[in-house]
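Close look at the chain arrangement
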Amino acid sequence: MLLKKSFNQQTIKGVQAGNGTVAFQGVKLNVHCFVVDGVLIDTGASSLEKEFQPFFKQQDIDQVVITHFHEDHTGCAAFLQNEMNLPIYMNDIMLDYCKKKPDYPLYRKVFWGKRPPFHARTIGKTFSSGHATWDVIETPGHAIDHLAFLNRETGQLFTGDLYVQEKTKVALREESIPTIIDSLKKVLTYDFEDVFCCHAGFLEDGRVALQRKLDYLLDLQGKIIKLNEDGLSPNQISITLFPKKYPITLFSSGEWNSLHIINSILQEQKFIKQ
């Protein structure tokens, strides 16, 4: 099974960024890792381990912090732990899951490989690096254990998969749009400047970009609730708001779908009304 792979790295405002890309049958996905002040944020995918290894070895890394358990963020964690003897820290919610062979769909194994088990430690509310104190911000919604990391000294915010893109068109089955809205509101209360996203990379005017995403999701939420109140079913709402079909929906057998956006909003609305 032939994956097309590429890798590039650059320095952005003192942050070392490594970006690996995989492409298969017209679907192209990428993931970033970032290194600053001895801290590696996320580890990339195991399918890209050969591409990421030279990047890791070039860096002066003291510790690894992980935004969430998904395999494109934890795929090289075992290499970093076993070959480079680095301590790894993450939210405690998925520590046990990461100690075992993971269970996720075949298409994700095609793109991201099979993530080897690793043993992470529980991260606190803050942590320290060579020249900085960092805030650990709980930002669930995309994943139950999702975290963002803020370097207080530089004002740089690392948002994992909280942003990804401004106008969300498809979502994972387990994602919660209302929870993502709450997480965006939370990070916007912090004092930060630069924003680094694990898929979009460096965001110009990061605060503005996060605010635009929040505004988009709030507007989308309002439209979905209104259409549902007008009598449209979730499927009818999906056809109305998301007429375009995305390759990832077919490729993932529906694990990524516009319908999941609608269902998560309507489920929350139903809960509020109870």
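Note: the structure precedes this text.
First, a word on scope: everything that follows refers to the structure included in this document. (Residues numbered from 1 in each chain as written. Predicted model: local features only at pLDDT ≥ 70, side-chain atom pairs only at ≥ 80, totals over all residues. Heavy atoms only, no water.)

**Points about the sheet that holds strand 11 (residues 156-158)**
Taking strand neighbours across the sheet as the criterion, the six strands line up as 8-9-10-11-13-14 in an open arrangement whose pairing is mixed. Unpaired on one side and paired on the other, strand 8 (126-128) and strand 14 (201-203) mark the two borders of the sheet. Across this sheet, the average inter-strand angle for adjacent strands is 25°, counted without regard to direction. Its contacts with the sheet put helix 7 (residues 206-229) on strand 11, strand 13 (195-197) and strand 14, and the angle it makes with strand 13 is roughly 60°. (Pairing = 2+ DSSP bridges. Helix = DSSP H or I, 4+ residues; strand = E, 2+ residues; numbered from the N terminus. Axes fitted to C-alpha atoms, helices over the stretch in contact; angles between N-to-C directions. Contact = heavy atoms within 4.5 Å.)

**What to know about the environment of Pro-116**
As for its placement among the helices and strands, Pro-116 is situated in the loop between helix 5 (106-112) and strand 7 (121-122). Exposure remark for Pro-116: the relative accessible area of 29% places this residue in the partly exposed category. Apart from the residues within four sequence positions on either side, Pro-116 is in contact with Ser-46, Gly-75 and Ala-78. (Buried < 20%, exposed > 50% of the residue type's maximum accessible area, 1.4 Å probe, protein only.)

**Considerations on the side chain of Asp-135**
Tracing the backbone shows Asp-135 in strand 9 (residues 133-138). Judged by its relative accessible area of 13%, Asp-135 falls in the buried class. Only 2.8 Å separates the side chain of Asp-135 from the side chain of Arg-152, close enough to count as a polar contact. (Polar contact = N/O pair within 3.5 Å; in protein donor to acceptor, adjacent residues only side chain to side chain.)

**Observations regarding the pairing of strand 9**
Where strand 8 meets strand 9, three bridges bridge the pair, whose relative direction is antiparallel. Bridge pairing in strand 9 places Thr-126 opposite Asp-135. Counted along the chain from strand 8 to the antiparallel partner strand 9, the turn is four residues long. Here five bridges tie strand 9 to strand 10 (residues 147-151), and the two strands are oriented antiparallel to one another. Residue pairing for strand 10: Val-136 is matched across the bridge by Phe-149.

**Topic: the layout of surface pockets**
If you add up the space inside the largest pocket, you get close to 830 Å³. If you trace the largest pocket, you find 33 residues lining it, with Leu-29, Val-164, Gln-165, Val-170 and Trp-256 closest to the centre. Taken together, the elements giving at least two residues each to the lining of the largest pocket come down to strand 3 (27-36), helix 2 (71-74), helix 5, strand 12 (171-172), helix 6 (177-187) and helix 9 (247-251). (1 Å grid on protein atoms, 1.4 Å probe; cavity = no way out; pocket = protein on both sides within 12 Å on 5 of 7 lines; lining within 4 Å. Points joined across faces, edges and corners; volume = space filled by probe spheres on them.)

**Brief notes about helix 7**
In this model helix 7 runs 35 Å from its N-terminal to its C-terminal C-alpha over 24 residues, within 8% of the 34 Å that 1.5 Å per residue would give. All buried positions along helix 7 are accounted for by Gly-206, Ala-209, Leu-210, Lys-213, Leu-214, Tyr-216, Leu-217, Leu-220, Gln-221, Ile-224, Ile-225 and Leu-227. Of the residues flanking the end of helix 7, it is Gly-231, one or two places downstream, whose phi is positive at about 105°. (Expected span 1.5 Å × (residues − 1).)

**Some remarks on the sheet that holds strand 5 (residues 63-65)**
In space, the seven strands of this open sheet follow the order 1-2-3-4-5-6-7, with mixed pairing throughout. If you trace the sheet from one side to the other, it starts and ends with strand 1 (4-12) and strand 7, each paired once. One ladder, built from two bridges, connects strand 5 with strand 6 (residues 88-90); its direction is parallel. The residue of strand 6 that forms the bridge with Val-65 is Tyr-89. Contacts from helix 1 (residues 49-58) reach strand 1, strand 2 (15-24), strand 3 and strand 4 (39-41) within the one sheet, and its direction differs from that of strand 1 by about 20°.

**With respect to the nonpolar core**
Where a protein is soluble and globular, its nonpolar side chains tend to be buried together. One finds Leu-40, Phe-52, Phe-56, Met-90 and Phe-118 to be the most contacted residues of the largest nonpolar core, which totals 38 residues. When contributions to this core are tallied by element, the ones reaching two or more residues are strand 2, strand 3, helix 1, helix 3 (77-82), strand 6, helix 4 (95-98) and helix 5. Ignoring anything within four residues of it in the chain, the contact list for Phe-52 reads Phe-7, Gly-18, Gly-20, Val-31, Cys-33, Gly-44 and Cys-76. (Core = buried A, V, L, I, M, F, W, Y, C linked by side-chain atoms within 4.5 Å.)

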